[in-house]
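Here's the letter readout for the chains.
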Amino acid sequence: MPTSGAGQDAKLLQKLHRAVIFLGPPGAGKGTQAQELARKYGVPHLSTGDMLREHIAKSTPLGLLAKPMMERGELVADSIILKIVADRIESPDCSFGFVFDGFPRTAAQAQWLGELLKQHGFKQPVVVHFAIDPALLLRRITGRRLCKTGGEIYNIYDRAPKVPGICDADGGELIQRPDDREEVVGPRLEGYRKLTAPLTAYYRRLGRLQDVDAAKSVEEVTQRVLEIVRTAR
Ligand code: ADP
Ligand code: AMP
């Protein structure tokens with residue numbers, strides 16, 4: 001009998017009643033691992049990038065505001081991000097916990113999140129830091145392709161679909177994000193270095209940070225992430 005099927009893991013996270021935060025530069029593998037962890041534990045994967053892309057696809061006022069900033073590789077204003085996160089975690093499916101991917105990204109977002117989790121009675125978050133040599137990121141970012149329908153993540157160099165341009169899971173069309181073009185990668189990495197990387201020190205001081213060697217294979221990173229979540233205090 002399996003010792004850690006999806007049912008058992010779901011119970012485990014429900015018992016944890018907490019947020020898992022994936023912190024790391026663009027292209028480090030946060031989305032890939034967040035999809036896997038959320039699927040395994042039966043909790044929502046909350047990617048602020050995906051939420052913004054949905055707003056853009058629907059041409060909402062918020063999407064129209066965010067689009068030019070995202071296309072330039074800049075962070076979107078805290079006020080916009082906090083609003084979409086606050087609305088999302090009110091949903092009943094978030095009551096046992098969730099996996100944040102790409103949030104928080106600024107000191108103000110991290111402080112706000114700490115208060116919000118307290119107010120909702122969540123335990124201290126588990127923060128997983130995806131540590132990786134920046135030299136590896138260009139290939140990961142420019143090679144990334146997403147399924148237009150299901151959001152499954154591929155890489156044309158390292159994690160290619162069986163049929164080029166087609167999602168293995170649901171046959172959807174694979175697309176490249178407009179901000180994954182080489183010329184936008186520099187500003188995105190610079191934004192990470194200036195505004196988001198300092199959060200690693202913040203969460204380390206709080207005793208919440210756990211490092212993962214994100215240069216390893218997807219399977220090895222998954223094993224390490226699962227170990228961190230299972231053994232979280
Ligand atoms: P992030 O969410 O941190 O920006 P993604 O999960 O979208 O990163 O991954 C970026 C790219 O790298 C994708 O094309 C993905 O398929 C690929 N990738 C993710 N993890 C690994 C890994 N451990 N080894 C090699 N490629 C990976
Ligand atoms: P991601 O999908 O996480 O790579 O995010 C894509 C883009 O969305 C980023 O480059 C930002 O422009 C914007 N974005 C996503 N999450 C945030 C956030 N927490 N704070 C500010 N901007 C964000």
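Basis of the calculations
- In every chain, residue numbers begin from 1 and rise along the written sequence.
- The naming scheme follows written order: chains are lettered A onward, ligands numbered 1 onward.
- Predicted model: local features are reported for residues with pLDDT of at least 70 only, side-chain atom pairs are reported and counted for 80 or more only, and whole-chain, interface and lining totals are derived from all residues.
- Side-chain measures here rest on the full set of heavy atoms in the structure, leaving out hydrogens and waters.
- Pairing between strands requires that DSSP locate at least two bridges from one strand to the other.
- Only DSSP runs of H or I covering at least 4 residues are called helices, and only runs of E covering at least 2 are called strands; the numbering of each starts at the N terminus.
- Axes here refer to lines fitted to C-alpha atoms; in helices the fit is confined to the stretch in contact. Angles between the N-to-C directions go from 0 to 180 degrees.
- Residue contacts are defined here by distance: any two heavy atoms, one from each residue, within 4.5 Å place the two residues in contact.
- Under the rule applied, a polar contact is a pair of N or O atoms within 3.5 Å (in protein, one hydrogen donor and one hydrogen acceptor; residues adjacent in sequence only if both atoms are side-chain atoms).
- Definition used in this section: a nonpolar core is a set of buried Ala, Val, Leu, Ile, Met, Phe, Trp, Tyr and Cys residues joined via side-chain atoms within 4.5 Å.
- In this scheme, a residue with accessible area under 20% of its type's maximum is buried, one over 50% is exposed, and one in between is partly exposed, where area comes from a 1.4 Å probe on protein chains only.
- Near, as used in this document, describes a residue that has one of its heavy atoms within 4 Å of the molecule or strand being considered.
- Surface accessibility follows the Shrake-Rupley procedure with a 1.4 Å probe radius. Residue values consider only the protein chains on display as shielding.
- Each residue gets one of three labels, nonpolar for Ala, Val, Leu, Ile, Met, Phe, Trp, Tyr, Cys and Pro, charged for Asp, Glu, Lys and Arg, and polar for the others, Gly among them.

Trainee: Just checking my understanding: could you explain the sheet that holds strand β6 (residues 153-155) for this structure?
Mentor: Hydrogen bonds between backbone groups are what pair the strands of a sheet, and the pairing can be parallel or antiparallel. Taking strand neighbours across the sheet as the criterion, the three strands line up as β6-β5-β7 in an open arrangement whose pairing is antiparallel. Strand pairing shows two members of the sheet lacking a second neighbour, β6 and β7 (174-175), which therefore form its edges. Relative to β7, strand β5 (residues 144-147) is paired through two bridges, and the arrangement is antiparallel. Each bridged residue has a counterpart across the sheet, and for Leu146 the counterpart in β7 is Ile175.

Trainee: Would you mind going over the sheet that holds strand β3 (residues 97-101) with me for this structure?
Mentor: Spatially, the five strands line up as an open sheet ordered β2-β3-β1-β4-β8, and their pairing is parallel. At either margin of the open sheet sits one strand with a lone partner, and together these are β2 (45-47) and β8 (209-213). Sheet twist, expressed as the mean angle between neighbouring strand axes with direction ignored, is 25°. The pairing of strand β1 (residues 18-23) with strand β4 (residues 126-131) spans four bridges and is parallel. Paired with Leu23 across the bridge in β4 is His129. Helix α3 (residues 48-57) contacts β2 and β3 of the sheet and is inclined by roughly 65° relative to β2.

Trainee: It is not clear to me how the side chain of Thr60 should be interpreted in this structure. Could you clarify?
Mentor: Here Thr60 shows up in the loop between α3 and α4 (61-71). At 2.9 Å, the side chain of Thr60 forms a polar contact with the backbone nitrogen of Gly63.

Trainee: I keep staring at the nonpolar core and nothing clicks. Help me out?
Mentor: Soluble globular proteins: nonpolar side chains tend toward being buried together. In this structure, Leu52, Val76, Ile89, Phe98, Phe100, Leu113 and Tyr203 are the most contacted members of the largest nonpolar core, which totals 30 residues. Elements with a contribution of two residues or more to this core: β1, α3, α4, α5 (78-89), β3, α6 (107-119) and α9 (198-205). With six residues, the single largest contributor to this core is α5. Once you skip the residues sitting within four places of it in the chain, Leu52 turns out to touch Leu62, Ala66, Met70, Val76, Ile80, Ile81 and Ile84. In terms of nonpolar packing, the next biggest core, distinct from the first, is built from 23 residues, Val20, Val126, Ile132 and Ile228 among them.

Trainee: Quick question: what am I supposed to make of the site of ligand 2 here?
Mentor: As a matter of local geometry, ligand 2 sits amid 16 residues, with Thr48, Arg53, Glu74, Arg105 and Arg177 nearest to it. Contact distances for ligand 2 include 2.6 Å between an oxygen atom and a backbone N or O atom of Glu74. The separation between a nitrogen atom of ligand 2 and a polar side-chain atom of Gln109 is 3.0 Å. Its free accessible area being 480 Å², ligand 2 has 96% of it covered by the protein chains. A breakdown of the residues in the shell around ligand 2 according to their chemical character gives six nonpolar, four polar and six charged.

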